[in-house]
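Given next are the chains, with one letter for each unit.
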Amino acid sequence: MNIVLMGYMGSGKSLIGRSLSKVITFEYQDLDDYIVNQEKKSITEIFREKGELYFRKKETLYLNEILNTYNNSIISLGGGTPCFSGNLEIINNNKSAKSVYLQTSLDELTKRLFVEKSKRPLISHISTPEDLKDFIRKHLFERSFYYNQSDYKVSTDQKDVDTINEEIIALLDNPA
Ligand code: S3P
């Protein structure tokens, strides 16, 4: 089985993915890191030099590659992955993949992302926390349509990493 983590930028997909993989001794695959390794450029460079459309094509290509290559892995997606190019169907139609949406509040996302926005081409141009919050509110609303089609949902607000890991494990052990 593979466990696929989805959620907005800053929801903790990489942090949780890495730590959960140690707890349950799964391998860890981070789609953004995989793209960076394959393309030999940072995400920012790919967006700047080749554009978002190119990035989205590669994202779909490498998502398929990871799902078809690895087993017993936690796979952390990029924030936009489930929202483009039929990627959600690819994940949902993959019999050995279980998807988990890490749901984080608007306030928490704004707080986390304001200090890390320079690494993220979609928000790096936004200069005030108020503008960032407005952007995330609208963007999250659009993207929630996709995130809400995951197999499971875990709210991450006010929870430490261990608690989130335990909740994910409990959901996978006792599917509803
Ligand atoms: C994106 C999120 C990023 C990265 C790229 C696009 C998005 O990943 O894939 O900058 O569309 O939300 P993180 O969610 O890991 O920041």
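Residues numbered from 1 in each chain as written. Predicted model: local features only at pLDDT ≥ 70, side-chain atom pairs only at ≥ 80, totals over all residues. Heavy atoms only, no water.

Q: Looking at this model, I keep getting lost on the overall build of the chain. Mind explaining?
A: Scanning the chain for helices and strands turns up 8 helices and 5 strands. A compact globule built from 176 residues would reach a C-alpha radius of gyration of about 16 Å, and the chain, at 15 Å, matches this within 12%. Expressed as lengths along the three principal axes of its C-alpha atoms, the size of the chain is roughly 45 × 35 × 25 Å. If you take every contact in the chain between residues at least 6 apart in sequence, the share linking residues at least 24 apart comes to 72%. Summed over all atoms, the accessible surface of the chain reaches about 9,000 Å², with 51% contributed by carbon and sulfur. Taken together, the 23 basic and 25 acidic charged side chains of the chain have centroids lying 4 Å from each other. (Helix = DSSP H or I, 4+ residues; strand = E, 2+ residues; numbered from the N terminus. Rg over C-alpha atoms; globule rule 2.2 N^0.38 Å. Contact = heavy atoms within 4.5 Å. Areas by Shrake-Rupley, 256 points an atom, 1.4 Å probe, with all protein chains shown as cover. Lys, Arg positive; Asp, Glu negative; His and termini not counted. Charge placed at Lys NZ, Arg CZ, Asp CG, Glu CD.)

Q: Would you take a moment to explain the layout of surface pockets for this structure?
A: A probe matching the size of a water molecule, rolled over the atoms, marks out where space remains unfilled. Within this model, the largest pocket holds a volume of roughly 860 Å³. Surrounding the largest pocket, 39 residues form its lining, G10, K13, S14, D32 and R120 being those nearest its centre. Considering each element in turn, the lining of the largest pocket owes the most residues, 5 residues, to helix α1 (residues 13–23). Residues that form the lining of the largest pocket fall into these classes: 12 nonpolar, 11 polar and 16 charged. (1 Å grid on protein atoms, 1.4 Å probe; cavity = no way out; pocket = protein on both sides within 12 Å on 5 of 7 lines; lining within 4 Å. Points joined across faces, edges and corners; volume = space filled by probe spheres on them. Nonpolar A, V, L, I, M, F, W, Y, C, P; charged D, E, K, R; others polar.)

Q: Whenever I open this one, the packing of helix α2 (residues 31–39) against helix α4 (residues 52–69) confuses me. Can you help?
A: Think of two packed helices as two axes; the pair is described by the angle between the axes and how far apart they sit. Direction vectors running N to C along α2 and α4 enclose 105 degrees, while the axes themselves pass 10 Å from each other. In terms of their interaxial angle, α2 and α4 are classed as roughly perpendicular. Listed contacts from α4 to L31, D32, Y34, I35, Q38 and E39 of α2 are Y54, F55, K58, E59, Y62, L63, E65 and I66. Split by residue class, the contact of α2 with α4 holds 8 nonpolar, 1 polar and 5 charged. (Axes fitted to C-alpha atoms, helices over the stretch in contact; angles between N-to-C directions. Parallel < 35°, antiparallel > 145°, perpendicular 65-115°, else oblique.)

Q: When you look at helix α8 (residues 161–173) in this model, what are you seeing that I'm missing?
A: Residues lying three or four places apart along an α-helix face the same way, a consequence of the helix completing one turn every 3.6 residues. Compared with an ideal rise of 1.5 Å per residue, which puts 13 residues at 18 Å, α8 spans 18 Å between its outermost C-alpha atoms and is within 8% of the ideal. Every buried residue of α8 is listed here: I164, N165, I168 and L172. The buried side chains of α8 occupy one side of the element, clustering within an arc of 100 degrees when seen end-on. Seen from the open side of α8, the exposed residues pointing more than 90 degrees away from its buried face are D162, E166 and D173. (Expected span 1.5 Å × (residues − 1). Buried < 20%, exposed > 50% of the residue type's maximum accessible area, 1.4 Å probe, protein only. Arc of directions from axis to C-beta.)

Q: In this structure, what is going on with helix α3 (residues 43–50)? I would like to understand it.
A: When we look at burial in α3, the residues that qualify are I43, I46 and F47. Projected onto a plane normal to the axis of α3, the buried residues spread over an arc of 95 degrees and lie on a single side. Taken together, the buried residues of α3 touch α2 and α4.

Q: Mind showing me how you'd approach the environment of T104 here?
A: As for its position among the elements, T104 is in the loop between β4 (97–103) and α6 (106–116). T104 gets classed as buried once you look at its relative accessible area, which sits at 7%. The spatial distance from the C-alpha of T104 to the C-alpha of N37 is 28 Å, given a sequence separation of 67 residues. With residues near it in sequence (within four places) discarded, T104 still touches S11, L109, R112, L140, T156 and D157. At 2.7 Å, the side chain of T104 and the side chain of T156 are in polar contact. (Polar contact = N/O pair within 3.5 Å; in protein donor to acceptor, adjacent residues only side chain to side chain.)

Q: Explain unusual backbone geometry to me, please; I cannot follow it from the model alone.
A: The phi angle of most residues is negative, glycine excepted, and most peptide bonds adopt the trans form. Positioned with a positive phi, T25 is a non-glycine residue whose angle comes to about 45 degrees. Judged by relative accessible area, T25 falls into the exposed class, the value being 70%. One non-glycine residue, Q158, adopts positive backbone phi at about 55 degrees. Of note, Q158 is situated in the loop between β5 (152–155) and α8.

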